[in-house]
Amino acid sequence: MLKQWVFRLGSDPKLSLKRFLCGLALFVLAVIFIAIGYYGPVILQLIGLLILAIALFFAAWGYLGIFANRFAQVLERASPKDDDPDLWK
């Protein structure tokens, strides 16, 4: 079951990279809002914290997909093949 989940999560590495970069861009935007809110209205800091939570979610989801893709490649190489003659010994 875990193997199927890893293969499904890592099936589209380009989408995972896009999610990670989206999270990274939102993180930068959140830092800007928090920094501006330090000198200006406090509501900007709260907006920055909300954006930060969303950014961390997207970045983690994307990074998990990238990691799952790499881990799926390792699992593919490590699994025994059916036509391996040493398999039946």
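Use the structure listed above.
Residues numbered from 1 in each chain as written. Predicted model: local features only at pLDDT ≥ 70, side-chain atom pairs only at ≥ 80, totals over all residues. Heavy atoms only, no water.

Engineer: So, the overall build of the chain: which residues are in play, and what are the values?
Structural biologist: Per the secondary structure count, the chain includes three helices and zero strands. Ordered by position from N to C terminus, the α and β elements of the chain give α-α-α. Accessible surface for the chain amounts to roughly 7,000 Å². Of this, 72% is attributable to carbon and sulfur atoms. (Helix = DSSP H or I, 4+ residues; strand = E, 2+ residues; numbered from the N terminus. Areas by Shrake-Rupley, 256 points an atom, 1.4 Å probe, with all protein chains shown as cover.)

Engineer: A description of the packing of helix H2 (residues 13-39) against helix H3 (residues 42-78) should follow, citing residues and the corresponding values.
Structural biologist: Look at H2 against H3: their axes get within 7 Å of each other, and the N-to-C directions meet at 160 degrees. For the element pair H2 / H3, the angle class is roughly antiparallel. Once H2 is placed against H3, the crossing between them reads as left-handed. For the contact of H2 with H3, a count of residues per class yields 24 nonpolar, eight polar and one charged. (Axes fitted to C-alpha atoms, helices over the stretch in contact; angles between N-to-C directions. Parallel < 35°, antiparallel > 145°, perpendicular 65-115°, else oblique. Left-handed = near helix turned anticlockwise from the far one by under 90°. Nonpolar A, V, L, I, M, F, W, Y, C, P; charged D, E, K, R; others polar.)

Engineer: Summarise the packing of aromatic side chains; cite the residues concerned and give the values.
Structural biologist: By the definition in use, this model includes six aromatic pairs. Both rings, one in Phe 57 and one in Phe 58, keep their centres 5.6 Å apart while their planes meet at 75 degrees; by these two values the pair is edge-to-face. Its relative accessible area of 51% is what places Phe 57 among the exposed residues. What makes Phe 58 partly exposed here is its relative accessible area of 26%. Note on Phe 67 and Phe 71: the rings are 6.0 Å apart at their centroids and 5 degrees apart in plane angle, and the pair reads as stacked. Taken together, the positions of Phe 67 and Phe 71, both in helix H3 and four residues apart, correspond to about one turn of that helix. (Phe/Tyr/Trp six-rings, centres within 6.5 Å; stacked < 30°, edge-to-face > 60°. Buried < 20%, exposed > 50% of the residue type's maximum accessible area, 1.4 Å probe, protein only.)

Engineer: Account for the packing of helix H1 (residues 2-9) against H3, with residues named and values stated.
Structural biologist: Orientation of H1 relative to H3, taken along the N-to-C sense of each, is 120 degrees, at an axis distance of 7 Å. The angle between the axes of H1 and H3 places the two elements in the oblique class. The way H1 lies across H3 gives a crossing that is left-handed. Taken together, the residues of H3 that come into contact with H1 (itself represented by Lys 3, Trp 5, Val 6, Phe 7 and Leu 9) are Trp 61, Leu 64, Gly 65, Ala 68, Phe 71, Ala 72, Leu 75 and Glu 76. The class makeup of the residues in the contact of H1 with H3 is 10 nonpolar, one polar and two charged. (Contact = heavy atoms within 4.5 Å.)

Engineer: How would you summarise H2 if you had to cite specific residues and measurements?
Structural biologist: Between the first and last C-alpha of H2 there are 40 Å, a value that for 27 residues agrees with the 39 Å anticipated at 1.5 Å per step. For H2, every residue scored as buried is listed here: Ser 16, Gly 23, Ala 30 and Gly 37. As for H2, its buried residues are in contact with H1 and H3. (Expected span 1.5 Å × (residues − 1).)

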